[in-house]
Amino acid sequence: MSNKRLLIVDDDSRNIFALVHTLRVRSYDCLSCTSAEEALKLLKSDEKIDAVLLDMMMPEMDGYEAIPLIKAIPSRKSTFVIALTAQAMAGDKEKCLEAGADEYISKPVDVDKLLLILSKI
């Protein structure tokens with residue numbers, strides 16, 4: 001069985017670095033990009049991606065705008081999208097799920113919780 005491949009989308013390269021390091025140690029293959037626009041270009045390709053970890057608060061295009069566009073790509077309708085947000089306020093989880101995310105996790109990321117979520121893909 002091959003490793004699961006994750007796309008990490010975050011405008012802060014430090015967050016990408018931490019997630020990639022943490023997940024690679026646990027045998028996940030990771031790709032990353034720093035904008036939703038870049039992620040959409042990658043997701044429109046034939047690149048194998050099992051799940052997307054998407055920062056919800058990014059400049060230009062945020063996760064709330066990007067998720068419906070990801071799900072609109074015919075080959076990505078069932079791609080698992082995990083919303084990541086530092087704004088862990090009441091109603092955020094519901095707002096992310098309403099936008100089309102399959103799961104939600106707040107920053108700083110609880111690695112055990114993230115691994116539990118990733119076990120679903």
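The name an unreviewed UniProt entry assigns to the protein chain is Response regulator receiver domain-containing protein, from the organism Flavobacterium defluvii.

A few words on the nonpolar core. Among the nonpolar cores identified, the biggest contains 25 residues, and Leu-7, Val-9, Leu-43, Val-52, Leu-54, Ile-67 and Cys-96 are the most heavily contacted of them. Listed by contribution, the elements that provide at least two residues to this core are strand 1 (5-9), strand 2 (29-33), helix 2 (36-43), strand 3 (51-55), helix 3 (63-71), strand 4 (80-85) and helix 4 (92-99). Discounting chain neighbours no more than four positions away, the residues touching Ile-67 are Leu-54, Met-56, Val-81, Cys-96, Ala-99, Gly-100 and Ala-101. Of all hydrophobic cores here, the second largest spans 17 residues; its members include Ile-8, Tyr-28, Ile-82 and Leu-114.

In summary, the side chains of a regular strand alternate between the two faces of the sheet. Relative to strand 2, strand 1 runs parallel, the two sharing five bridges. Bridge pairing in strand 2 links Val-9 to Cys-33. Once you follow strand 1 into helix 1 (residues 13-25) and on to strand 2, the crossover reads as right-handed.

This paragraph deals with the sheet that holds strand 4. One open sheet accounts for five strands, arranged 2-1-3-4-5; its pairing is parallel. Looking at which strands have only one partner, the edges of the open sheet turn out to be strand 2 and strand 5 (103-106). Sheet twist, expressed as the mean angle between neighbouring strand axes with direction ignored, is 20 degrees. With four bridges joining them, strand 1 and strand 3 adopt parallel strand pairing. Each bridged residue has a counterpart across the sheet, and for Ile-8 the counterpart in strand 3 is Leu-53.

Our focus in this paragraph is the UniProt feature "modified residue: 4-aspartylphosphate" (unreviewed entry) in the protein chain. Under the feature "modified residue: 4-aspartylphosphate" (unreviewed entry), the UniProt entry names Asp-55. According to the relative accessible area criterion, Asp-55 is buried, its value standing at 4%. Among residues more than four places away in sequence, those in contact with Asp-55 are Val-9, Asp-10, Asp-11, Gly-63, Leu-84 and Lys-107.

Looking at the secondary structure, you find Thr-79 in the loop between helix 3 and strand 4. When residues no more than four places from it in sequence are discounted, the contact partners of Thr-79 are Ile-49, Asp-50, Ala-51, Val-52, Lys-71 and Asp-102.

Of the positions making up helix 3, those classed as buried are Gly-63, Tyr-64, Ala-66, Ile-67, Ile-70 and Lys-71. Projected down its long axis, helix 3 carries its buried residues within an arc of 160 degrees, all on one side. Tucked inside the fold, the buried residues of helix 3 contact helix 2, strand 3, strand 4 and helix 4.

About the thresholds
- Position numbers for residues count from 1 along each chain, tracking the sequence in the order it is written.
- Per-residue local features of the predicted model are confined to residues with pLDDT of at least 70, and side-chain atom pairs are confined, for both listing and counting, to 80 or more; whole-chain, interface and lining totals are unaffected and use all residues.
- Side-chain numbers come from the whole structure's heavy atoms, not from hydrogens or water.
- By convention a nonpolar core is built from buried Ala, Val, Leu, Ile, Met, Phe, Trp, Tyr and Cys residues, the set being connected through side-chain atoms within 4.5 Å.
- The buried label goes to any residue with under 20% of its type's maximum accessible area, the exposed label to any with over 50%, and the partly exposed label to all in between, with areas taken from a 1.4 Å probe on protein chains only.
- Only DSSP runs of H or I reaching four residues or more are called helices, and only runs of E reaching two or more are called strands; each is numbered from the N terminus.
- We call two residues in contact whenever any of their non-hydrogen atoms come within 4.5 Å of each other.
- In this description, strands pair whenever DSSP reports at least two bridges between them.
- A right-handed crossover is one whose linking path, passing over the helix from the first strand to the second, runs clockwise when the strands point away from the viewer.
- A fitted line through C-alpha atoms serves as each axis, taken over the contacting stretch for helices, and the angle formed by two N-to-C directions is quoted from 0 to 180°.
- UniProt positions are given in the numbering used here, feature names are shortened, and annotations may be inferred rather than shown by experiment.
- Each C-beta atom gives one direction from the helix axis, and the arc is the one those directions make.

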